[in-house]
Structure formats: C-alpha cells, structure tokens
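Coordinate inspection notes
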Amino acid sequence: MSDLTWAVGGLSFTGGMPRCWVNTVSLDHVRGGVAGGFTQADHGARTRLARLRPGDRLVFYSPRQSYPDGAPLQAFTAHGVVTGLEPYRVEVSDTFHPWRLAIDFEPLAQAPIRPLLGELSFIKDPAKWGFAFRRGLFEIPADDFDTIVAAMRPFDSA
C-alpha cells in the first residue's frame, strides 16, 4: 500500500489520512499560539501533542477569554494545520518549559458553540455538552470538524 498525498491550506503532505482534533485553550493562549505559529496542550505536557502528525487539522475551542478565570466565551476561536514533525520544548520561565508543536493557522472568525450543539456527533448529550471539552486535546470525526470550520466564516479582508 502506498502513502497518500494531499494538500490542506496550500501545504502538501504525504502519509496516512489527516486526523481532526479539538484543543481546548483560553482565547489569550490561542492568540499567543497564532502569533507564534504553535500550539500547546494539557498545560504544556508533551503526551497528547505527540499524537498529532503533519497534515492533521486542529480547531481551538475557548471556554474563556483568559486563563484561568476570564470571562466566559464558549466559542471556536482558531483553526490550523499541523506542520511540525515533533513537539519541541521552550523555556517560558525558570519553572515553566512547555512542549509546543508548529501549526499553520488559517484566518477564520470565531464561532459560538451553542448553535452547533445539535450538529456535532462528539457531543453525546447537549444538556452536558461542556463535558467533552474537559479532555483538552481530543480527536473528532472529520464531518464534525468540517461543520465547525464552516461556521467560522473567513475574516472580511475589507
């Protein structure tokens, strides 16, 4: 069996089919990642980041404006494609050395989650929808991913 080649967002990848992920991150941290072209997960741990591969698609859900106790937001706030081969470690302070993974972000608008609750198969109980996001970084079906990204209308360049 030969490797597959596909393109996402102007980047070309070879390997297995790309997977789709949600990363639960406060908006202030999402903005830092967008500015720096990276993502972190699970408070800087390497474990789940290492599951992502180049070409995988990632959407960010932000429960709050800022960590740890900012105003509620409850929206999908960014989207990108994994470009890094492996997580890498950085020194943010003497006591914090998080793992990061390179991401190519696409300019999309935020999309509130509530209008999408009935359309996402990974939300098993709409009355307890927030439970799914407690996992932090987790894989979702491609159809759900496409539904989320479709709701994140591109920014108006005017």
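Two aromatic rings are characterised by how far apart their centres lie and by the angle between their planes. Here the structure, examined in full by the defined rule, presents nine aromatic pairs. Each residue in the set Tyr61, Phe76, Phe122, Trp129, Phe133 and Phe138 is aromatic and connected to the rest through ring pairs, giving one cluster. The cationic tip of Arg46 hangs over the ring face of Trp99; the distance from NZ or CZ to the ring centre is 5.2 Å. One cation-aromatic arrangement involves Arg135 over Phe138; the distance from NZ or CZ to the ring centre is 4.0 Å.

Before going further, it helps to spend a moment on the nonpolar core. Counting 21 residues, the largest nonpolar core has Val22, Phe76, Phe122, Ile123, Phe133, Ile140 and Ile148 as the members making the most contacts within it. Secondary-structure elements contributing two or more residues to this core are strand S3 (20–24), strand S5 (57–64), strand S10 (137–140) and helix H2 (142–151). When residues no more than four places from it in sequence are discounted, the contact partners of Phe133 are Val22, Thr24, Tyr61, Phe76, Ile113, Phe122, Ile123 and Phe138.

This part is about helix H1 (residues 27–36). Each turn of an α-helix holds 3.6 residues, which means side chains three or four residues apart point in the same direction. Turning to H1, its buried residues are Leu27, Val30 and Gly33. Down the axis of H1, the smallest arc covering the buried residues is 115°, so these residues share one side. Residues of H1 that are exposed and point over 90 degrees away from its buried face: Arg31 and Ala35. The inward-facing, buried residues of H1 abut strand S4 (38–39), S5, strand S6 (72–82) and strand S8 (99–106).

Residue position: Leu58 is located in strand S5. Residue classification places Leu58 among the buried positions, given a relative accessible area of 0%. For the pair Leu58 and Val149, spaced 91 residues apart in the sequence, the C-alpha separation amounts to 9.9 Å. With near-sequence residues (within four places) excluded, Leu58 lies in contact with Trp21, Val22, Asn23, Thr39, Leu52, Ala78, His79, Gly80, Ile103, Leu137 and Phe145.

Any region with low pLDDT has predicted coordinates that should not be read closely. Overall, the prediction assigns the protein chain a mean pLDDT of 89, with 87% of residues at 70 or greater. Summarising per-element confidence for the protein chain, the mean pLDDT is lowest in strand S1 (residues 4–8) (59) and highest in S5 (97).

Definitions and limits used
Residues numbered from 1 in each chain as written. Predicted model: local features only at pLDDT ≥ 70, side-chain atom pairs only at ≥ 80, totals over all residues. Heavy atoms only, no water. Phe/Tyr/Trp six-rings, centres within 6.5 Å; stacked < 30°, edge-to-face > 60°. Lys NZ or Arg CZ within 6 Å of the ring centre and 35° of its normal. Core = buried A, V, L, I, M, F, W, Y, C linked by side-chain atoms within 4.5 Å. Buried < 20%, exposed > 50% of the residue type's maximum accessible area, 1.4 Å probe, protein only. Helix = DSSP H or I, 4+ residues; strand = E, 2+ residues; numbered from the N terminus. Contact = heavy atoms within 4.5 Å. Arc of directions from axis to C-beta. pLDDT = per-residue confidence, 0-100.

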